[in-house]
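Observations on the three-dimensional arrangement
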Amino acid sequence: MRTRITSLVTGIVLAGTAGLLATTLHAGPDSWWLDQQLEAVLAEHGFTGAIESTLPTRLGRPIDRQLADTGRLLFFDTVGGLNNDNNCSGCHSPTHGFGDTQSIAIGVENNGIVGPSRTGPRNQRRTPTVANSAFFPNLMWNSRFAAVSHDPFDNSAGFSFPAPEGFTLSSQPHLLVAQAFIPPTERVEVAGFDFPGDSFDIRDEVLRRINDVPEYRARFARSFPSVRNGGPVTFDMFGRAIAEFEFTLVFANAPIDRFARGMKNALTDEQKNGAVLFFGAAKCVQCHAVAGTSNEMFSDFSAHVIGVPQIAPLIGNVTFDGPARDEDFGLEQVTGNPDDRYKFRTSPIRNVGLQPAFFHNGAFTTLEDAVRHHLDVFASARSYDPAAAGVAADLRTLAGPIEPVLARIDPLLATPIELTSEQFRDLVDFVRHGLLDRRASPQHLRKLIPRSVPSGFPVLDFH
């Protein structure tokens, strides 16, 4: 066994809302010693590795597989997109764990391809994953869709959305059901710019299209008595179908989960060492949290400034912020508070090894570079070269100013973190493989792509 430096937990100190692990170094432990350390930090953070098994209890019922399959077809059908060229799957691709294939999303006016060869005008940010989103207390990079209770299964305090919806979707049974009302109305995502009217008019037109498809009516009739009795498919039903499919996309049985449940050989020694670093000396868990309302999703679901370089597309459908229209003000767009400028929600990083790009704008395209950025944000941001970082050619020209971003850096990242090359490799190994549920890999998820959809519209071409 190779000699390595790893962390021994010596105590807990509190900083803000995060529990920080005070660590010392211990050289050359064997597997038993690593197991003891990792068991200790997981217990300290209340990590059970069993979050996936709680889904039926949290829902109060088993998943409705029949309704979920209807939602799957809608997910891949452009019937819900009035521009007739995009749908949920165009940005949430099964080829990348139901996340984006792009650094910055391409919505309407695309070339019909989902993958590295996708072209068209870009939006403003990378599309976040829908895998495991059943457990997310808020959604999107600026957290603009949120359960006020911090529990997506609990609507008692309401679900908060930007205008015009506000709290009007709070009667829905889960945050994902409420969120499904929004994408069909987004002009740059799927609705396009030609259809007149507001969000409510768009939803009415989407429903007209769905109700005109006999197979969809038959499918919804099997799940909803009112449709069986001749009534229309409603948007509540549409939202429930999409969410039900997304409930099937919970992939939270990674090696770290199996280790926590007692399978000590689920992780290699290198991954165990990386995990101890993640929860200890590398301080990753301060933001990529697992406790409490984080639901073991490796995110605190809070907003931070982490110094990500600002890039913008040459051709896009969204006007960027700042005097040169090359900045993204993040949470400030939602709150209107200048103190929230450049803040973005901590990314949940289960299955992060499947991503082709990282951070809200995909400014880095390797996991190694993304981790290095966290370890020394000032050096990383100031030396950033978009070509060397591997972003697409149309994202290499417009770069927003970085010093205003670094002036607001979160104190948690203000001091560089030093790791040996061996520690760095172990940390990346854990994040890439220790958090990966192999059911989320492309060879498995491609099976969900239908050969055809009830509307008769062509299915997008997945590369």
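Here goes a summary of the coordinates provided. Just so it is clear, the structure is predicted and the values come from calculations on it, not from any experiment. (Residues numbered from 1 in each chain as written. Predicted model: local features only at pLDDT ≥ 70, side-chain atom pairs only at ≥ 80, totals over all residues. Heavy atoms only, no water.)

Regarding the layout of surface pockets
- One number sums up the size of the largest pocket: a volume of about 960 Å³.
- The wall of the largest pocket is formed by 45 residues, among which M140, R144, F145, E186 and E189 lie closest to the centre.
- Residue assignment for the lining of the largest pocket shows that the elements contributing at least two residues are α3 (65-75), α4 (88-91), α5 (175-179), α6 (187-191), α10 (235-247) and α13 (332-335).
- Per-class residue counts for the lining of the largest pocket are 24 nonpolar, 13 polar and 8 charged. (1 Å grid on protein atoms, 1.4 Å probe; cavity = no way out; pocket = protein on both sides within 12 Å on 5 of 7 lines; lining within 4 Å. Points joined across faces, edges and corners; volume = space filled by probe spheres on them. Helix = DSSP H or I, 4+ residues; strand = E, 2+ residues; numbered from the N terminus. Nonpolar A, V, L, I, M, F, W, Y, C, P; charged D, E, K, R; others polar.)

Notes on the environment of E109
- Looking at where E109 falls in the secondary structure, it is placed in the loop between α4 and β3 (113-114).
- A relative accessible area of 39% places E109 in the partly exposed class.
- A sequence separation of 227 residues divides E109 from G336, and the C-alpha atoms of the two residues are 30 Å apart.
- The contacts of E109, once residues within four sequence positions are left out, are N83, D85, T119, G120, P121, F193 and N317. (Buried < 20%, exposed > 50% of the residue type's maximum accessible area, 1.4 Å probe, protein only. Contact = heavy atoms within 4.5 Å.)

Notes on the sheet that holds strand β5 (residues 145-147)
- Reading across the sheet, the 3 strands line up as β4-β5-β6 and stay open at both edges, with antiparallel pairing between neighbours. At either margin of the open sheet sits one strand with a lone partner, and together these are β4 (138-139) and β6 (159-160).
- Here β4 pairs with β5 via 2 bridges, running antiparallel. Paired with L139 across the strands is F145, a residue of β5. (Pairing = 2+ DSSP bridges.)

Section: empty space enclosed by the protein
- According to the stated counting rule, one finds 4 cavities of 30 Å³ or more in the structure shown.
- One number sums up the size of the largest cavity: a volume of about 630 Å³.
- Forming the boundary of the largest cavity are 40 residues, of which H288, I306, T346, F359 and H374 lie nearest the centre.
- Put simply, the second largest cavity is a space of about 130 Å³.
- Taken together, 14 residues line the second largest cavity, and the ones lying closest to its centre are G97, T129, R350, N351 and Q355.

Thoughts on a nonpolar patch on the surface
- Taken together, L314, I315 and L398 make up a surface patch of nonpolar side chains, about 280 Å² in accessible area.
- Tracing the backbone shows L398 in strand β10 (residues 398-399). (Patch = residues over 30% accessible without salt bridge, like charges linked within 9 Å, V, L, I, M, F, W, Y side chains within 5 Å. Areas by Shrake-Rupley, 256 points an atom, 1.4 Å probe, with all protein chains shown as cover. Salt bridge = Lys/Arg side-chain N within 4 Å of Asp/Glu carboxyl O.)

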